[in-house]
Number of protein chains: 2
Amino acid sequence: MSLTADASDKPTLYKRIRADIEKRILTGEWPPGHRIPFEHELVARYGCSRMTVNKALSELAQADLIERRRRAGSFVRRPQHQSAVLKIADIRAEITALGRGYGYELISRKLRAATAADRERLGVKKAGKVIAISCRHSADNVPFAVEDRLIDLSSVPSAATADFSREPPGSWLLHHVPWTEAEHTISAIVADDRTAEALDIAIGAPCLVIDRYTWRSARTITAVRLLYPGDSHRLVARFKGG
Amino acid sequence: MSLTADASDKPTLYKRIRADIEKRILTGEWPPGHRIPFEHELVARYGCSRMTVNKALSELAQADLIERRRRAGSFVRRPQHQSAVLKIADIRAEITALGRGYGYELISRKLRAATAADRERLGVKKAGKVIAISCRHSADNVPFAVEDRLIDLSSVPSAATADFSREPPGSWLLHHVPWTEAEHTISAIVADDRTAEALDIAIGAPCLVIDRYTWRSARTITAVRLLYPGDSHRLVARFKGG
DNA sequence: TTGACTTATATGTCTAGACATATCATCGTA
DNA sequence: TACGATGATATGTCTAGACATATAAGTCAA
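Notes on the structure follow. (Residues numbered from 1 in each chain as written. Chains lettered and ligands numbered in written order. Predicted model: local features only at pLDDT ≥ 70, side-chain atom pairs only at ≥ 80, totals over all residues. Heavy atoms only, no water.)

**A few points about the relation of the copies chain A and chain B**
(1) Moving on: Once turned by 180 degrees and shifted 0.0 Å along the axis, chain A lies on chain B with an RMSD of 0.2 Å. Such a combination of turn and shift is consistent with a two-fold rotation axis. By C-alpha distance to the rotation axis, the residue of chain A lying nearest is L86(A), at 2.4 Å. (Least-squares fit on C-alpha atoms with pLDDT ≥ 70 in both.)

**Describing the side chain of H184(A)**
(1) Moving on: Within the secondary structure layout, H184(A) lies in strand β8 (residues 180-190).
(2) Moving on: Reaching out from H184(A), the side chain makes a polar contact with the side chain of R212(A) at a distance of 3.3 Å. (Helix = DSSP H or I, 4+ residues; strand = E, 2+ residues; numbered from the N terminus. Polar contact = N/O pair within 3.5 Å; in protein donor to acceptor, adjacent residues only side chain to side chain.)

**Brief notes about the protein's contact with DNA strand C**
(1) Moving on: Not every one of the 24 residues close to DNA strand C is listed here, only the nearest: M51(A), R68(A), L13(B), T52(B) and R71(B).
(2) Moving on: Counting only atoms of DNA strand C within 4 Å of the protein, the sugar-phosphate share comes to 65%.
(3) Moving on: E39(A) places a polar main-chain atom, nitrogen or oxygen, 3.1 Å from a phosphate oxygen of DNA strand C.
(4) Moving on: Between DNA strand C and R50(B) there is a distance of 3.3 Å, counted from a base nitrogen to a side-chain nitrogen or oxygen.
(5) Moving on: Listing elements by their share of the surface near DNA strand C, those giving two or more residues are α2 (39-46), α3 (50-62), β2 (66-69) and β3 (73-76) of chain A together with α1 (13-26) and α3 (50-62) of chain B.
(6) Moving on: The element best represented in the surface near DNA strand C is α3(B), accounting for four residues.
(7) Moving on: When its residues are assigned to classes, the surface near DNA strand C shows six nonpolar, seven polar and 11 charged. (Near = heavy atom within 4 Å. Nonpolar A, V, L, I, M, F, W, Y, C, P; charged D, E, K, R; others polar.)

**A few points about the packing of helix α1 (residues 13-26) of chain A against α3(A)**
All names here are of chain A.
(1) Moving on: Contact geometry of α1 with α3 gives a least axis separation of 8 Å together with a crossing angle of 45 degrees. What the angle tells us is that α1 and α3 run oblique. Judged by the twist between their axes, the crossing of α1 over α3 is right-handed. For the pair α1 and α3, contact is made by L13, Y14, I17, R18, I21 and E22 and by T52, V53, K55, A56, L57, E59 and L60, respectively.
(2) Moving on: Considered class by class, the residues forming the contact of α1 with α3 number eight nonpolar, one polar and four charged. (Axes fitted to C-alpha atoms, helices over the stretch in contact; angles between N-to-C directions. Parallel < 35°, antiparallel > 145°, perpendicular 65-115°, else oblique. Left-handed = near helix turned anticlockwise from the far one by under 90°. Contact = heavy atoms within 4.5 Å.)

**Things to note about unusual backbone geometry**
Negative phi values dominate among residues other than glycine, just as trans dominates among peptide bonds.
(1) Moving on: In this structure, N141(A) takes a positive phi of about 65 degrees despite not being glycine.
(2) Moving on: Summarising the element assignment, N141(A) is placed in the loop between β6 (129-139) and β7 (142-152).
(3) Moving on: Given a relative accessible area of 75%, N141(A) falls into the exposed group.
(4) Moving on: At D140(B), a position not held by glycine, the phi torsion is positive, near 50 degrees.
(5) Moving on: Inspection of the secondary structure puts D140(B) in the loop between β6 (129-139) and β7 (142-152).
(6) Moving on: Take D140(B): its relative accessible area is 45%, and that puts it in the partly exposed class. (Buried < 20%, exposed > 50% of the residue type's maximum accessible area, 1.4 Å probe, protein only.)

**Structural notes on the interface of chain A and chain B**
(1) Moving on: In this complex, chain A contributes 63 residues to the contact, which on the side of chain B involves 64 residues.
(2) Moving on: Interface area, chain A with chain B, both sides summed: about 5500 Å², of which 57% is carbon and sulfur.
(3) Moving on: Seen at the junction of chain A and chain B, the total is zero salt bridges.
(4) Moving on: Linking chain A to chain B there are four residue pairs in polar contact (both at pLDDT 80 or more).
(5) Moving on: Counting only elements with at least two residues in the side of chain A that touches chain B, the list comes to α1, α3, β4 (84-88), α6 (169-176), β8, β9 (206-216) and β11 (235-241) of chain A.
(6) Moving on: For the side of chain A that touches chain B, the element with the highest residue contribution is β8(A), accounting for 11 residues. (Buried area = accessible area lost by both parts, 1.4 Å probe. Salt bridge = Lys/Arg side-chain N within 4 Å of Asp/Glu carboxyl O.)

Listed below in structure tokens is the structure:
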């Protein structure tokens, strides 16, 4: 081992302890189930107080890399049964990150009393007003995605006066509604005639579908369906863990 | 406000402080940009030491709910530009979670010297041996997904003797390779004749594609492509945050 | 063999201090 | 006006203790 207690340290001590342990886990030197040295052992090894070691281990536990059990010790966790994490980026950010020009076009915007279908889609019972928006995002003037969105005006009244002909509703909401929870569903369909025309692809071509349903504190905000050309668009996720 | 300092406490103090603040942020009472009370103010309010308050705030910062700036204070963060986190579950776990019977069937298994295409797919330069596996997962005897996998034997030599006719390679790898990193790409295609037959769907039907590329400490382990019937399969993600 | 009780122990939380460090605000100077 | 030095301040890290609590493991009795 080389858990040296000194070293010319840029990072603080607890970070170094955390990094040391993390490295051993990630390289497989300490496999899942392996017992990590007790706090008092690490205290002796690094020559610091227990609180410092505890902070390092607590953060590793919070990151699900280790599991801490009273009286037993700390153990390397088995990879989270093969689940992974995928990051879905904002469309504008995604296009900009690709170094391509972002374009936005409002297709339609309707303010109406919520129909039964609208209420079902938003998961609300009470009738109220909604805004239905249809728009298109493009990259270098090539259709990138079409968006079909419903906003619950009783949750976001200020959306009634927002100008969605210039700003995409997703960006607007992001800046006007603070913290949210959301549920995403990803699926695939083949393009019908309307979709094919909007995305400038062939009828029957594959499309990636993202349905996002957003709320805040049990209050529905918006439901959106994004359609991407399936053969050209890709969602990429990199993750560390199990 | 009702930041009461006492109360019949099941949870510990720092957890209660953290929950109090989190609630205010999530409900929008403290919007993005809002300055959270200084540590010394919270110390006074809760009647505890600074370390206790610090622990609560540190965890909120780690969860990206707040941002801490020296000398300035702690602030509610603006939602992470509309990125989200999606959990992709293991196929067997996914099917079992749905309360359906999991079925597995090995279609082919070939051990061979890596071809140029294999090396490209695995992202390795050196020639070596690989295992190519094709298999199918089903739910209640209905095809659920087809899997096409490549395992780098120089990284996982023991895979050569594994019995993939009984155990899915994904599960086997999970139990024999500790911690990994991975990259996922999700896209959509339409079924060609071979895929259509394997999944028992029509040619031209939409399919969801997940390409997963897994490595450990810069060492390639496996590359896998999963094909799901796109109209029936869904990836669902729930998340909290921006 | 099984079940109930006891004990040792590692983690969980907390304190009342300490010094370090980044940075905002102010004041003085060129 | 612009720039540079200075001090105030909030967070960042750390200490050397403390008591609480869950639980593995051992002990003893039914």
